[in-house]
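# Structural features, examined
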Amino acid sequence: MSSNPYQVPAKFVNKLLDNSHGSNKQSLKSLVFDSKRNTMKCSKSTYATICQTMRYKPTLDKILTHNDHELQHSIMDESHNKGLVYVLLYELLFGKFKSIRGGGQLKRLILKHRETLNDYVEVVGGGPEVTVLAEFPRYVRVNPLVQPDISTVMVARELAT
């Protein structure tokens, strides 16, 4: 068992990153859940860390590539484990405690750039990339027994917008 709590999430993030370029794409659920035994291959907290890391990945990419290519090269090229870089950056910038547990060379390298990374979070925006959907009601109940006239429908349409 590894003493670093980020190795298992990093392994799954690496698999997801490798799958995004390959022809047989697998989803996170198919990687994490064992369908034969109907169990998870990792803990719930690990699954949550993977989900959140992948949710914030576009923002993390923007932060790494924002104006300072030296930062991207020093962090990404120094590590051979890209998934671990994403997990550690998520934990440091957006995680619950805003810190990295454990230790290691990659942690020291990331913490060396902590101030720059935090500044880039403020510039790029501190949240995950969210697509804004139109503000429509989830459903509309239609009563077939009541036949409204056109003017009632037009007034209701104006109120909805």
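Residues numbered from 1 in each chain as written. Predicted model: local features only at pLDDT ≥ 70, side-chain atom pairs only at ≥ 80, totals over all residues. Heavy atoms only, no water.

## Some points on the pattern of salt bridges
Taken as a whole and assessed by the stated rule, the structure comprises two salt bridges. In this structure, R37 engages D34 in a salt bridge whose closest nitrogen and oxygen atoms are separated by 3.2 Å. Residue class for R37 comes out exposed when judged on its relative accessible area of 64%. Among the ionic pairs, K57 bridges to D61, the shortest N-O distance being 2.8 Å. One end of the pair, K57, and the other, D61, are both in helix α4 (residues 57–65), four residues apart, so they sit about a helical turn from each other. Given the relative accessible area of 18%, K57 is considered buried. Residue classification places D61 among the partly exposed positions, given a relative accessible area of 24%. (Salt bridge = Lys/Arg side-chain N within 4 Å of Asp/Glu carboxyl O. Buried < 20%, exposed > 50% of the residue type's maximum accessible area, 1.4 Å probe, protein only. Helix = DSSP H or I, 4+ residues; strand = E, 2+ residues; numbered from the N terminus.)

## Examining the packing of aromatic side chains
Across all of its chains, the model carries three aromatic pairs by this definition. Relative to Y47, the ring of F33 lies with its centre 5.8 Å away and its plane at 55°, an arrangement referred to as tilted. Separated by 14 residues along the polypeptide, F33 in strand β1 (residues 33–34) and Y47 in helix α3 (residues 44–55) bring together distant segments of the chain. The cationic tip of K11 hangs over the ring face of F12; the distance from NZ or CZ to the ring centre is 5.1 Å. (Phe/Tyr/Trp six-rings, centres within 6.5 Å; stacked < 30°, edge-to-face > 60°. Lys NZ or Arg CZ within 6 Å of the ring centre and 35° of its normal.)

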